[in-house]
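So the chains spell out like this:
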Amino acid sequence: MKTYKHRIADELLTRKLLGKGAVLVQGPKWCGKTTTAKQVAVSMLDLGDSTQLANALETLQIIPMKLLEGNVPRLIDEWQTIPEIWDMVRSEVDKRGEMGQFILTGSSVPVDEEKRKHSGNGRYGRIFMRPMSLWESGESTGKISISELFAGKTFDPFEYSMDLETLAFLTCRGGWPQSTFMKGDVALDQARDYYDTIYKVDIHRVDKVRRSSERTRLLLRSYARNTGSATSFSKMSEDIKENDNASITYETISDYVDALKKLFVLEDMPAWNPNLRSKAAIQSSETRYFVDPSIATAALSLGPGDLINDLKTFGLYFESMAVRDLRTYADALDGDLFHYRDSSGLECDAVLHRRNGDYGLIEIKLGGKDNIEKGAQTLKNLTEKIDTDKMKAPSFLMVLTGVGQYAYHRPDGVFVVPIGCLKD
C-alpha cells in the first residue's frame, strides 16, 4: 500500500477549514487534490465517478439538498460537473453557521459558469494545488528553509550534490504524485500520457467549444519552446509556422490558451512592480510556464538524455521546475511569485513577495561557477535600483541551483542554494 506523502496544502486546508464554511481546492488533474482532501474529509460525494454523477444529477432534480447530506467535512469531488452545487453549498453554509462544513475539489473551471450566482466571498476559502515540489516528493532534504531566510537566519556551508542525471530525470518525470512511487521509464511514461490526454481528450471537455486536437498539440509545443520567456501570442503564431509548418492565428491561440488555463495546465507568471530609484520602465508582460515542467518536455518528446546533451535547453526546463517549487513554497508563506524585467535589460527570474511586504530575490541557474556569479550580480544590480525609502529592502538574495557541490552564504550576502536542499 502506498504511503501518503505530506503536502504543503495539508496545513493550508486545515487552516482554511477553521475559518470558512467551505474550501475550494483547485488544480490540474492528477496533482493530488482528492487524496489530500480525503485526509480530513469524513464523507464524500465523488462526481468524478460516472455512476455517482448520474445518480447525483437525478437527485438534483428531486431532492437537491440531499447531495450535501453527510458527516463533515463533506468532500464533493469534481464539483464543477454540477455547477449548481456551488450556490447550494454557499446557502447551506449560511444556514448552518459553522466552519469546516464542505471541501470542493475541481480540475477545471465549470462549463456553465453562469449557473454560479454568487462569488462565495466570505463563505469559501481557496487553495490552489500543483504537482509535488521536490520537498513534498521526498527528493529535497529540506535543510534550507525559505521561512528561516525571511526571518534573517543563515546557515553554515555544507556539502550537497545532486547529479545531472537525477536532476534531468526529475525534470522530465515531474511532480505527479503517483509517478513519484515509480521508477525509470514507467515513471516518465506518466507525464507523456498526461500530455497526450490534454490535447486528445481534455481540451474537448473543458467547455462547450469544440477545439482541434492538432491545434492544441501545436500550441503546447510552442509553449514548451517558449517556456520561461515573455513571448506574445503573435510570436507564438510565427513560431508554430516556422517550427511546425502550420498556421494558427493570434485569436485561435488566445482562445486555446484560455481553455488550457481553465484546465490549470498553463500557469503564467505575472510581473513584479517595485518602487525604483531609476527611470527604467518595468515590463508588464507575463512569463510563460506550464504548471509542471514535465508537460513541456513531453510536448517536445524530450527525455533526460536529451536534456543532458543540450544544457541550454535543460536550463530552461530546470527553471520551470524551480518556479513550480517556489510557487508551492510561496503559498505556504502567504506569498506570491513574480518575475522582474525592465527596459534596461535587467531581469530577475523570481521574486517571492509576501503579503506583509517582505520579499526575496531569486535567480535560477542550472549550475556552474560563472553562471552563479552572473546570477549574484543580477541580484545585486536589482537591489541597487530599489528605492528603499518607499519599500523594504529584500529579505534575502538567492541563486537557486540545480547542481553544485555546496550550499553556502557568499561574502556579498547572496545565498547559493541547490534546489535539492530547499523547502518552504
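Relevant structure appears above.
Analysis parameters
Residues numbered from 1 in each chain as written. Predicted model: local features only at pLDDT ≥ 70, side-chain atom pairs only at ≥ 80, totals over all residues. Heavy atoms only, no water. Helix = DSSP H or I, 4+ residues; strand = E, 2+ residues; numbered from the N terminus. Rg over C-alpha atoms; globule rule 2.2 N^0.38 Å. Buried < 20%, exposed > 50% of the residue type's maximum accessible area, 1.4 Å probe, protein only. Contact = heavy atoms within 4.5 Å. Expected span 1.5 Å × (residues − 1). Pairing = 2+ DSSP bridges. Axes fitted to C-alpha atoms, helices over the stretch in contact; angles between N-to-C directions. Phe/Tyr/Trp six-rings, centres within 6.5 Å; stacked < 30°, edge-to-face > 60°. Lys NZ or Arg CZ within 6 Å of the ring centre and 35° of its normal. Salt bridge = Lys/Arg side-chain N within 4 Å of Asp/Glu carboxyl O.

**A closer look at the overall build of the protein**
Reasoning step 1: What the protein contains, in helices and strands, is 15 helices and 14 strands.
Reasoning step 2: Its C-alpha radius of gyration of 22 Å places the protein within 12% of the 22 Å reference for a compact globule of 424 residues.
Reasoning step 3: Taken along its principal axes, the extent of the C-alpha atoms in the protein is 70 × 50 × 50 Å.
Reasoning step 4: Residues classed as buried in the protein amount to 55% of the 424 residues present.
Reasoning step 5: Once local pairs closer than 6 in sequence are excluded, the contacts in the protein between residues at least 24 apart make up 73%.

**Some words on helix 15 (residues 369-385)**
Reasoning step 1: For helix 15, which comprises 17 residues, the first-to-last C-alpha distance of 25 Å matches the rise-based estimate of 24 Å (1.5 Å per residue) to within 8%.
Reasoning step 2: For helix 15, the complete set of buried residues consists of Ile-372, Gly-375, Ala-376, Thr-378, Leu-379, Leu-382 and Lys-385.
Reasoning step 3: Check the buried side of helix 15 and you find it contacts strand 8 (335-341), strand 9 (347-354), strand 10 (359-365), strand 11 (396-401), strand 12 (406-409) and strand 13 (414-418).

**Re the sheet that holds strand 12**
Reasoning step 1: Read across the open sheet, the 7 strands follow the order 7-12-13-11-10-9-8; overall the sheet is mixed. The sheet terminates laterally at strand 7 (158-159) and strand 8, the two strands that pair on one side only.
Reasoning step 2: With 4 bridges joining them, strand 9 and strand 10 adopt antiparallel strand pairing. Bridge assignment links Val-351 to a residue of strand 10, and that residue is Leu-361.
Reasoning step 3: Strands in contact with helix 14 (residues 311-332) are strand 8, strand 9, strand 10 and strand 11; relative to strand 10, the strand with the most contacts, it is inclined by about 160°.
Reasoning step 4: Packed on one face of the sheet, helix 15 meets strand 8, strand 9, strand 10, strand 11, strand 12 and strand 13 and runs near 150° to strand 10.

**Quick look at unusual backbone geometry**
Reasoning step 1: A cis amide bond, omega 0°, links Val-72 with the succeeding residue Pro-73.
Reasoning step 2: Its location among the elements puts Pro-73 in the loop between helix 3 (50-62) and strand 3 (74-77).
Reasoning step 3: Despite not being glycine, Ser-301 has its phi angle at roughly 55°, a positive value.
Reasoning step 4: Among the structural elements, Ser-301 can be located in the loop between helix 12 (293-299) and helix 13 (304-309).
Reasoning step 5: A relative accessible area of 62% places Ser-301 in the exposed class.
Reasoning step 6: Phi angles above zero are rare outside glycine, and Asp-334 is one such case at about 55°.
Reasoning step 7: For Asp-334, the position within the fold is in the loop between helix 14 and strand 8.

**A word on the packing of aromatic side chains**
Reasoning step 1: One pass over the structure, following the stated rule, counts 13 aromatic pairs.
Reasoning step 2: For the ring pair Phe-150 and Phe-396, a centre distance of 5.0 Å and an interplane angle of 75° mean the geometry is edge-to-face. With Phe-150 in helix 6 (residues 146-150) and Phe-396 in strand 11, this residue pair connects regions lying 246 residues apart in the sequence.
Reasoning step 3: Between Trp-272 and Tyr-340, the ring centres sit 6.3 Å apart and the planes meet at 70°, which makes this aromatic pair edge-to-face. Of the two residues, Trp-272 sits in the loop between helix 11 (250-262) and helix 12 while Tyr-340 sits in strand 8, which places them 68 residues apart along the sequence. The residues Trp-272 and Tyr-340 share a single accessibility class, namely buried.
Reasoning step 4: Through successive ring pairs, a cluster of aromatic residues spans Trp-30, Trp-176 and Tyr-194.
Reasoning step 5: The positively charged end of Arg-211 is found above the aromatic ring belonging to Tyr-256, 5.9 Å away from the centroid.
Reasoning step 6: In this arrangement the basic side chain of Arg-354 is found over the ring face of Phe-150, its NZ or CZ atom lying 4.8 Å from the centre.

**Section: the environment of Pro-73**
Reasoning step 1: Exposure remark for Pro-73: the relative accessible area of 14% places this residue in the buried category.
Reasoning step 2: On a C-alpha basis, the gap between Pro-73 and Val-42 in space is 5.6 Å, while along the polypeptide they are 31 residues apart.
Reasoning step 3: Not counting the four nearest positions on each side in its chain, Pro-73 is found in contact with Leu-17, Val-40, Ala-41, Val-42, Ser-43, Gly-100, Gln-101 and Ile-103.

**Considering the pairing of strand 1 (residues 22-26)**
Within a regular strand, the side chains alternate between the two sheet faces.
Reasoning step 1: Buried residues dominate strand 1, accounting for 5 of its 5 residues.
Reasoning step 2: Residues of strand 1 alternate between two faces, with Ala-22, Leu-24 and Gln-26 on one and Val-23 and Val-25 on the opposite face, all of them buried.
Reasoning step 3: Where strand 1 and strand 5 (residues 124-128) come together, 5 bridges link them in parallel fashion. Paired with Val-25 across the bridge in strand 5 is Ile-127.
Reasoning step 4: One ladder, built from 5 bridges, connects strand 1 with strand 4 (residues 102-106); its direction is parallel. The residue bridging Ala-22 from the neighbouring strand is Phe-102, located in strand 4.

**A closer look at the pattern of salt bridges**
Reasoning step 1: Evaluation of the coordinates by the stated rule reveals 34 salt bridges.
Reasoning step 2: Between Arg-341 and Glu-347 there is a salt bridge, with its nearest N and O atoms 3.7 Å apart.
Reasoning step 3: According to the relative accessible area criterion, Arg-341 is buried, its value standing at 10%.
Reasoning step 4: One connected set of salt bridges, linked through shared partners, spans Asp-207, Arg-211, Asp-255, Asp-258 and Lys-262.

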